[in-house]
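Descriptive analysis of the structure
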Amino acid sequence: MSDIYGNKGEYSHEIEVSTLEDTNPPVITSVEPEAGRYANNIRLLGRATDDVGVKTFVFQISQDKINWSDIQNIDLTDEPKNARASYNFDISSYDDGIYYIRSKAYDAAGNVSSIKPYVEYYIDHTPPNTPTGVRVTNAQGNITIEWDQGEEIEIFLKSVD
Ligand SMILES: [Ca+2]
């Protein structure tokens, strides 16, 4: 390479980009535990995969599946392709009700998982000592007490004529 004066220009190297750009977002493969009632804490466990590596998990909570707020961000320093992150979520300050929890995952390139499955949890601080829907039936001296949840008991009474 030379200019019109015959001076040799300095050869400039193009910086070669050897690492392929990561454009594939991570995929959340599971959020645990399974749906159910929880009183004081929920031991959350999320799993995700990525073609390069998962860098960050974010657990989020919502009551309407529209507005989500972060519960916890978890950075994975080793950025594994098959990643799992757990968090013991203290729900003691949450009101009773139905909540949805989901997880997002980011890779090192900033791609975020697009499909974010959620799990439905019922936060319930009320101890289950009050049965609902109590029914008492009396058939020929056999009194049966039933309620909607829990075990049934039968009380057999001799009818007094
Ligand atoms: Ca990726």
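Up top you'll find the structure we're talking about.
Residues numbered from 1 in each chain as written. Predicted model: local features only at pLDDT ≥ 70, side-chain atom pairs only at ≥ 80, totals over all residues.

**Let's talk about the sheet that holds strand S1 (residues 27-32)**
The strand order across the open sheet formed by three strands is S1-S3-S6, and the pairing between neighbours is antiparallel. Because the sheet does not close on itself, it has two edges, and the strands there are S1 and strand S6 (82-90). Going from strand to strand, the sheet's axes swing by 20° on average, the running direction of each strand aside. (Pairing = 2+ DSSP bridges. Helix = DSSP H or I, 4+ residues; strand = E, 2+ residues; numbered from the N terminus. Axes fitted to C-alpha atoms, helices over the stretch in contact; angles between N-to-C directions.)

**Overview of the sheet that holds strand S2 (residues 36-38)**
Across the sheet, which stays open at both edges, the five strands sit in the order S2-S8-S7-S4-S5 with mixed pairing between neighbours. Only two strands of the sheet have a single neighbouring strand rather than two, namely S2 and strand S5 (69-75). Between one strand and the next, the sheet's axes are offset by a mean angle of 30°, whatever the strand orientation. Sheet topology places strand S7 (residues 97-107) next to strand S8 (residues 118-123); six bridges connect them, and they run antiparallel. By the bridge assignment, Ile-101 is partnered in S8 with Val-119.

**Remarks on the nonpolar core**
Soluble globular proteins tend to pack their nonpolar side chains together in the buried interior. Within the largest apolar cluster, 18 residues are counted, with the highest numbers of intra-cluster contacts made by Ala-48, Phe-57, Phe-59, Ala-83, Ile-101 and Ala-105. Counting residues per element, the ones that place at least two in this core are strand S3 (41-49), strand S4 (54-62), S6 and S7. If we skip the residues at most four places from it in the chain, Ala-48 touches Pro-26, Val-27, Ile-28, Thr-29, Val-54, Phe-57, Ala-83, Ala-105 and Ser-113. (Core = buried A, V, L, I, M, F, W, Y, C linked by C-beta atoms within 7 Å. Buried ≥ 20, exposed ≤ 12 C-beta atoms within 10 Å, placed from the backbone. Contact = placed C-beta atoms within 7 Å.)

**Focus: the environment of Gly-97**
Position of Gly-97 relative to the elements: it lies in strand S7. Overall, the presence of 10 C-beta atoms within 10 Å leaves Gly-97 in the exposed class. The sequence separation of Gly-97 and Tyr-121 amounts to 24 residues, and the corresponding C-alpha distance is 8.3 Å.

**Description of the pairing of S3**
Residue alternation in S3 divides its side chains into a buried set, Ile-42, Leu-44, Gly-46 and Ala-48, and an unburied set, Asn-41, Arg-43, Leu-45, Arg-47 and Thr-49. Two elements, S3 and S6, share nine bridges in a ladder whose sense is antiparallel. Note on S6: the bridge partner recorded for Ile-42 is Phe-89.

**Focus: the pairing of strand S10 (residues 142-146)**
Both strand S9 (residues 135-139) and S10 contribute to a ladder of five bridges, which runs antiparallel. Along S10, the bridge assignment pairs Val-136 with Ile-145. Connecting S9 to the antiparallel partner S10 that follows it, the hairpin turn spans two residues, and Gln-140 within it adopts a positive phi of roughly 50°.

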